[in-house]
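Chain by chain, the residues run as shown.
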Amino acid sequence: MHTLLTRICNGTGTMDDLALLEDLCSTVKETSLCGLGQTAPNPVLSTLKYFRNEYLEHIVNKRCPAGVCNMEAALEVVA
Amino acid sequence: MSVETDVKTLVIDEQEVSARAGQTILEVARENEINIPTLCHLDGLSDVGACRLCLVEIKGSNKLLPACVATVQEGMEVSTNTERLQKHRRTILELLFAERNHICSVCVSNGHCELQTLGQEQGLTHIRLPYRNPELSVDASHERFTLDHNRCILCTRCVRVCSEIEGAHIWDVMGRGINSLIISDLHQDWGGSACTRCGKCVQVCPTGALFDKSKIGSDHPKYPDFLPYLNLMREAQ
Amino acid sequence: MSQTITIDPVTRLEGHGKITIQLNDKGEVEDAHFHVTQVRGFERFSEGRPFYEMPSLMARICGICPVSHLIASAKACEAIMSVRIPHTAAQLRRMLNLAQMVQSHALSFFYLASPDLLLGMEADPKVRNILGVAATKPELGRAGIALRRFGQSIIELLADKRVHPGWVVPGGVTEPLAAAKRDKILAMIPEAYANIDLALGAYKKIADTFKAEIGVFANFPSNYLSLINEDESIEFTDGALRLIDARGKTIEDGITASRYAEVIGEAVEPYSYTKFAYYKPLGYPEGSYRVGPLARLNIVKSMGTPKAEQELAGFKQLAAGPVESSFHYHHARLVEMLYGVEKIEEILADPRILDKHVRATAGVNRLEGTGQAEAPRGVLHHHYKVDENGKITWANLVIATGQNNKAMNLGVLQAAKHYVKKGKFTEGILNRVEAVVRTFDPCLSCSSHAAGQMPLEISLLSADGEVVDRLVR
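Residues numbered from 1 in each chain as written. Chains lettered and ligands numbered in written order. Predicted model: local features only at pLDDT ≥ 70, side-chain atom pairs only at ≥ 80, totals over all residues. Heavy atoms only, no water.

Draft legend 1. Broad picture of the overall build of chain B. Along the backbone of chain B there are 6 helices and 10 strands. The C-alpha radius of gyration computed for chain B amounts to 19 Å, which stays within 12% of the reference 18 Å derived for 237 residues, consistent with globular compactness. The principal-axis extents of the C-alpha atoms in chain B amount to approximately 55 × 50 × 30 Å. The burial tally for chain B puts 51% of its 237 residues in the buried class. Counting only carbon and sulfur atoms, one obtains 49% of the accessible surface of chain B, whose full area is about 11500 Å². (Helix = DSSP H or I, 4+ residues; strand = E, 2+ residues; numbered from the N terminus. Rg over C-alpha atoms; globule rule 2.2 N^0.38 Å. Buried < 20%, exposed > 50% of the residue type's maximum accessible area, 1.4 Å probe, protein only. Areas by Shrake-Rupley, 256 points an atom, 1.4 Å probe, with all protein chains shown as cover.)

Here you go:
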């Protein structure tokens, strides 16, 4: 999950990564034995729910609307 | 509880079945020839509900229950093979494959590996997750057996068989999360441990993580079926 | 203006390579190189693995000659275990290696080389392939396919799998041979003879028309190295190495696997991922030598089987001393295939081949082990070091293609100098340059410990690396 998020944050993520991230969150949430596992994906799921457009912005336009992420890696790929 | 058998009736996959109180969903399902995939469960050993492959849906509950440890209740309606479960099972298997270095082609268990077989049964065609490719060691210090951490899925069957059946408790788990590792004694070389050389752990290992040194190539089928028989004979004494 | 011609990738080889030809101001060939452009790192990632896993791991280097790797690797492991394997196991392995040699030579001759030989060096590249051969000479196309199947079927019968079988293990083999399987193999032999006869006949008829190519296809004196039996007959699996010089005089004899590292060194050139092997006392590059079918037939005094013996006599007449043109690799390959079939028949005639005792067991008794075997394209050497638990601490592989590397480079230069004049080249000329490399049947995947499919691209570069002309097919 961290790897996928990192990829999305530095601009090298793809739409497949986003789908995979959602799958992974739901599996971890629903199948975990302990309370930690059951709740750990919640922050990711919440942001996916309320800030989905920001994820898309990172993936499609390689841009961080909040100006927080360093997108140099993505620019290298594009260049 | 009275001597009379307390019978529960329930529905598994739309099939009405009856069970004795205290039986697990998995036991009852298998008695009725309903297949639920498992990895950490092994007949004859205690259950830990760790691999999460046997999760089933119960009508009326949003939570998924591990069939190997959940006991039957009167009137339960269990679904063992819904789309949601299949998806989770595949993801779990993907996670297992991505976690360590599972290279079937050169593995002693190729062709008779429980992880590989489950991957095939669950229709796993590729791993979407990035492989972690951790650098793990091989313990070849034992005169007869080898432990290859690269192929270990931390099912802890070896830990349980050594402690519960052999009574030696050589194996245990150290570390947490992705840093977990099966260790012998207090993290000594297997060869230098108090191992009784019985080989049960090798037989119960679902993958090629524990294997016999004399078995090379993919000629290493394992025979864990001795456990229930062994238990039965012990109880009879 | 000086220029460089690049042929990339070179077609009809096993693996990915390219050729560059450097032209000087007058458009004459100044230098030429054959580059192996991939690296695989088998030696590195075997570190830390238990030694008895090595045969199955090393077999993965190559899908054409996994058996040779299996055998060399198993022998290195047996040196670590200090065991001698049962006679039957040794014979079974010998048969497996021969079967692979036949299928690999069939692949090299029919699939990769015969389009040049049968259709001509100048033939349209669109039809200059095995399908083109099958269309114009259907009986030869069929023979090639059948011979390849012959070898592959034997491998499958013996070892359960055609590619990367797990049957060869340190100490012997896992399963004895069943009588039914032996009979199946025996039943395939007559057809194999007929197909080789057909190929030999066809080759001899056309060989004369390639005088020009024979003259310049790596046609130069060199040293040769191969395995040989004590009775000076050809050997693929056991025996010891012999090195002869350009006049056929023995320089070094009885080189067992353990002495190999004393005698053979490996040099590195900046333009290739494949190392260059050489005979240490002579140094590099003077100590370079050739291996493979040509070297084997130049070194041995006999084949040890009647039909191949006759063919060997014919082969030896090609030159007074060692046969020098690499073009004759093709001829040598056919002779060896004949030997392979004969020898398999001979091995199967011994009732002991069905013996059930086919494996020796032992632990780690030495911390270092070496093993050698003849792969179809030349001698192969595996060298391992292990810790006291039998985990690999260091591995080195010396592959046939590495040993032919210098000769291939010299051969490419020789052919390029002959054909490329005044900076001009045609597709047919460049095909000849590639065909030089093909005679060696190099296995680039083995040598760079690499696999790939290749179309062909040729570019003509000026001295400063600018592309002047480009040809893609």
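From this point, things continue past the structure.
Draft legend 2. Focus on the layout of surface pockets. Taken as a whole, the largest pocket spans an internal volume of roughly 1600 Å³. Lining the largest pocket are 37 residues; nearest its centre among them are A:V28, B:L95, B:E99, B:G177 and B:I178. Of all the secondary structure elements, the ones that give two or more residues to the lining of the largest pocket are α1 (2–9), α2 (15–31) and α3 (35–39) of chain A together with α2 (83–99) of chain B. Among the elements that make up the lining of the largest pocket, the one with the highest residue count is α2(B) (5 residues). Its residues placed into classes, the lining of the largest pocket shows 24 nonpolar, 9 polar and 4 charged. Mapped onto the domain boundaries, the lining of the largest pocket takes at least three residues apiece from domain 1 (7–81) and domain 2 (100–236) of chain B. (1 Å grid on protein atoms, 1.4 Å probe; cavity = no way out; pocket = protein on both sides within 12 Å on 5 of 7 lines; lining within 4 Å. Points joined across faces, edges and corners; volume = space filled by probe spheres on them. Nonpolar A, V, L, I, M, F, W, Y, C, P; charged D, E, K, R; others polar. Domains from an automatic or database assignment.)

Draft legend 3. Focus on the nonpolar core. Core analysis: the biggest nonpolar cluster contains 133 residues, and C:I21, C:L92, C:F110, C:L158, C:M303, C:I344 and C:Y384 have the highest contact counts within it. Considering every element that reaches this core, the biggest residue donor is helix α4 (residues 87–119) of chain C, with 14 residues. Sequence-distant contacts of C:M303, defined by excluding residues within four places in its chain, comprise C:S233, C:I234, C:L297, C:A308, C:E309, C:L312, C:V335 and C:Y339. With 28 residues, the next largest nonpolar core counts A:L20, B:I92, B:L96 and B:C113 among its residues. (Core = buried A, V, L, I, M, F, W, Y, C linked by side-chain atoms within 4.5 Å. Contact = heavy atoms within 4.5 Å.)

Draft legend 4. Up close: the pairing of strand β8 (residues 250–255) of chain C. Residue and element names in this part refer to chain C. In this structure, strand β7 (residues 240–244) lies alongside β8, joined through 3 bridges in antiparallel fashion. Each bridged residue has a counterpart across the sheet, and for L243 the counterpart in β8 is E252. Two successive antiparallel strands, β7 and β8, enclose a turn made up of 5 residues, where G248 displays a positive phi of approximately 95 degrees. (Pairing = 2+ DSSP bridges.)

Draft legend 5. How the structure looks around a nonpolar patch on the surface. A surface patch of nonpolar side chains, about 330 Å² in accessible area, is lined by B:Y229, B:L232 and B:M233. The topology assignment puts B:Y229 in helix α6 (residues 226–236). (Patch = residues over 30% accessible without salt bridge, like charges linked within 9 Å, V, L, I, M, F, W, Y side chains within 5 Å. Salt bridge = Lys/Arg side-chain N within 4 Å of Asp/Glu carboxyl O.)

Draft legend 6. Spatial organisation of the packing of aromatic side chains. In total, this model carries 11 aromatic pairs over all chains according to the counting rule given. Taking 6.1 Å as the distance between ring centres and 70 degrees as the angle between the ring planes, the aromatic pair formed by C:F109 and C:Y203 counts as edge-to-face. In this pair, C:F109 is assigned in helix α4 and C:Y203 in helix α7 (residues 179–207), connecting sequence segments 94 residues apart. Aromatic rings pair up to connect B:F145, B:W171 and B:W190 into one cluster. Positioned above the aromatic ring of C:Y193 is the side chain of C:K307, whose terminal nitrogen or guanidinium carbon lies 3.6 Å from the ring centre. (Phe/Tyr/Trp six-rings, centres within 6.5 Å; stacked < 30°, edge-to-face > 60°. Lys NZ or Arg CZ within 6 Å of the ring centre and 35° of its normal.)

Draft legend 7. Fine view of the sheet that holds strand β1 (residues 7–12) of chain B. Residues and elements named next belong to chain B. On the basis of which strands lie adjacent, the open sheet formed by 5 strands has the order β2-β1-β5-β3-β4 and mixed pairing. The open sheet terminates on both sides in strands that have one partner only, identified here as β2 (15–20) and β4 (64–66). The sheet shows a mean angle of 40 degrees between the axes of neighbouring strands, taken without regard to direction. Bridging between β1 and strand β5 (residues 77–79) involves 2 bridges; their strand directions are parallel. Across the sheet, residue I12 finds its bridge partner in β5, namely V78. The strands touched by α2 within the sheet are β3 (55–58), β4 and β5, with β3 carrying the most contacts at an inclination of about 160 degrees. (Axes fitted to C-alpha atoms, helices over the stretch in contact; angles between N-to-C directions.)

Draft legend 8. Geometry of the pattern of salt bridges. Taken as a whole, this structure holds 39 salt bridges over all chains when the rule is applied. The salt bridge partner of C:R49 is C:E53, with a shortest N-O separation of 2.9 Å. Judged by its relative accessible area of 13%, C:R49 falls in the buried class. C:E232 serves as the salt-bridge partner of C:R242, at 3.0 Å between the closest nitrogen and oxygen. Of this pair, C:R242 sits in strand β7 while C:E232 is found in the loop between β6 (223–228) and β7, placing the two residues 10 residues apart along the sequence. Taken together, the salt bridges that share partners define one network made up of A:D23, B:K87, B:E94 and B:R128.

Draft legend 9. A look at the environment of A:S32. Topologically, A:S32 is positioned in the loop between α2 and α3. Residue classification places A:S32 among the buried residues on the basis of a relative accessible area of 15%. With near-sequence residues (within four places) excluded, A:S32 lies in contact with A:T27, A:G37, A:Q38 and B:R52.

Draft legend 10. Just the sheet that holds strand β11 (residues 289–290) of chain C, in detail. Residues and elements named next belong to chain C. Reading across from one edge, β8-β7-β6-β11 is the order of the 4 strands in this open sheet, with mixed pairing throughout. Two strands bound the open sheet, and with one partner strand each, they are β8 and β11. Across 2 bridges, the pairing between β6 and β11 is parallel. By the bridge assignment for β11, N223 is matched with Y289.

Draft legend 11. Layout of the packing of α4(C) against helix α6 (residues 138–159) of chain C. Residues and elements named next belong to chain C. Between α4 and α6, the least distance of the axes is 8 Å, while the angle of their chain directions is 160 degrees. With respect to their mutual orientation, α4 and α6 come out roughly antiparallel. The chirality of how α4 crosses α6 is left-handed. A breakdown of the residues in the contact of α4 with α6 according to their chemical character gives 19 nonpolar, 5 polar and 1 charged. (Parallel < 35°, antiparallel > 145°, perpendicular 65-115°, else oblique. Left-handed = near helix turned anticlockwise from the far one by under 90°.)

Draft legend 12. Summary view of helix α13 (residues 400–419) of chain C. Residues and elements named next belong to chain C. With 20 residues, α13 should cover 28 Å at 1.5 Å per step; its first-to-last C-alpha distance of 27 Å lies within 8% of that length. Along α13, the helix axis deviates most sharply at K406, where the bend reaches about 40 degrees. Among the 20 residues of α13, 16 are classified as buried, and the element is accordingly described as predominantly covered. (Expected span 1.5 Å × (residues − 1). Bend = angle between axes of the 7 residues up to and from the residue.)

Draft legend 13. Up close: the domain arrangement of chain B. Residue and element names in this part refer to chain B. Domain parsing of chain B yields domain 1 (7–81) and domain 2 (100–236). Across the contact, 14 residues belong to domain 1 and 19 residues belong to domain 2. In total, domain 1 and domain 2 occlude about 1200 Å² of area from one another, counting both sides; carbon and sulfur atoms represent 62% of this. Considering only the side of domain 1, the residues that lose the most area to domain 2 are L39, L42 and L45, jointly responsible for 48% of the buried surface there. Counting the contacts that link domain 1 with domain 2 gives 0 salt bridges. In this assembly, domain 1 and domain 2 are joined by 6 residue pairs in polar contact (both at pLDDT 80 or more). Of the residues that constitute the side of domain 1 that touches domain 2, the class distribution is 7 nonpolar, 5 polar and 2 charged. (Buried area = accessible area lost by both parts, 1.4 Å probe. Polar contact = N/O pair within 3.5 Å; in protein donor to acceptor, adjacent residues only side chain to side chain.)

Draft legend 14. A look at the pairing of strand β8 (residues 171–174) of chain B. Residue and element names in this part refer to chain B. Pairing between β8 and strand β9 (residues 181–184): 4 bridges, direction antiparallel. By the bridge assignment, W171 is partnered in β9 with S184. What sits between β8 and β9 in their antiparallel hairpin is a turn of 6 residues, with G175 showing a positive phi close to 80 degrees.

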